[in-house]
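Structure assessment
The lines below spell out each chain.
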Amino acid sequence: MHSITTYSNGTHRSEVIHLWEKVFGYETAHNTPSVAIDKKLETKDDLFFVATFEEKVIGTMLAGYDGHRGWLYSVEVDHSNRMKGVGTALVRHAEQALAGRGCMKINLQIMSDNESVCGFYKSLGYTPEKRVSMGKRIPENIPCD
């Protein structure tokens, strides 16, 4: 059986980096796993969770809360552990953490053509909304390789 715990940099870092590189295949500097982890840890919000099985990281979940809305990010389960309830457990864990802080609504973003992930979130009660997602990179805050 898997367990969900708060991320510990000394214990989980290398395994999370390996998982994200394997599954997400990041190609831009602002998404480099080590940078993303360091930036998340700077927030000191304890909303970074890992799923483990036999002391190995098998899934991750980052959540955020700005006092108005909650967000889910970097939800990932290792391919060999999918369809076993790990992703659902991570989402539910983050939902409880956000609700405990007073969060009234949780948002997330996924690629519009990723039908399996859309189906996963729909099964958990999330619905598509009429919104346009926009972004802007701040180059001076993105480390160069």
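Above this note sits the structure.
What counts, and at which threshold
- Residues numbered from 1 in each chain as written.
- Predicted model: local features only at pLDDT ≥ 70, side-chain atom pairs only at ≥ 80, totals over all residues.
- Heavy atoms only, no water.
- Helix = DSSP H or I, 4+ residues; strand = E, 2+ residues; numbered from the N terminus.
- Buried < 20%, exposed > 50% of the residue type's maximum accessible area, 1.4 Å probe, protein only.
- Contact = heavy atoms within 4.5 Å.
- Areas by Shrake-Rupley, 256 points an atom, 1.4 Å probe, with all protein chains shown as cover.
- Lys, Arg positive; Asp, Glu negative; His and termini not counted.
- Charge placed at Lys NZ, Arg CZ, Asp CG, Glu CD.
- Core = buried A, V, L, I, M, F, W, Y, C linked by side-chain atoms within 4.5 Å.
- Pairing = 2+ DSSP bridges.
- Axes fitted to C-alpha atoms, helices over the stretch in contact; angles between N-to-C directions.
- Salt bridge = Lys/Arg side-chain N within 4 Å of Asp/Glu carboxyl O.

**A short note on the overall build of the chain**
For the chain, the count of helices and strands is four helices and five strands. Reading the chain from its N end, one meets helices and strands in the order β-α-α-β-β-β-α-β-α. Evaluated residue by residue, the chain yields a buried proportion of 32% over its 145 residues. Of all intrachain contacts in the chain linking residues separated by at least 6 positions in sequence, the fraction that spans at least 24 positions is 60%. Carbon and sulfur atoms provide 52% of the accessible area of the chain, an area that totals close to 9500 Å². A gap of 6 Å separates the mean positions of the 17 positive and 18 negative side-chain charges of the chain.

**Some details on the nonpolar core**
In this structure, Met-61, Leu-72, Leu-90, Val-91, Leu-98 and Tyr-126 are the most contacted members of the largest nonpolar core, which totals 19 residues. Taken together, the elements giving at least two residues each to this core come down to β2 (48–53), β3 (56–65), β4 (70–77), α3 (86–100) and β5 (106–108). Setting aside anything within four residues of it in sequence, one finds Met-61 in contact with Leu-47, Phe-48, Phe-49, Leu-72, Tyr-73, Ser-74, Val-75, Leu-90, Val-91 and Ala-94. In this structure, Tyr-7, Val-16, Val-50 and Leu-62 belong to the second largest nonpolar core, which totals 10 residues.

**Quick look at the sheet that holds β2**
Spatial strand order, β1-β2-β3-β4-β5: five strands in an open sheet with mixed pairing. Edge positions in the open sheet fall to β1 (3–6) and β5, since each of these has one partner strand only. Neighbour to neighbour, the strand axes of the sheet diverge by 30° on average, direction disregarded. Pairing between β2 and β3: six bridges, direction antiparallel. Opposite Phe-49, over in β3, you have Met-61 as the bridge partner. Helix α1 (residues 9–23) rests against β1, β2, β3 and β4 of the sheet, and its axis sits at about 85° to β3.

**Digging into the pattern of salt bridges**
Counting across every chain of the model gives six salt bridges. Asp-45 is the partner of Lys-40 in a salt bridge, and the nearest nitrogen-oxygen pair spans 2.8 Å. Accessibility assignment for this pair places Lys-40 and Asp-45 in one class, buried. Linking Arg-82 and Glu-76 is a salt bridge whose minimum nitrogen-to-oxygen distance equals 2.4 Å. The class for Glu-76 is buried, based on a relative accessible area of 8%.

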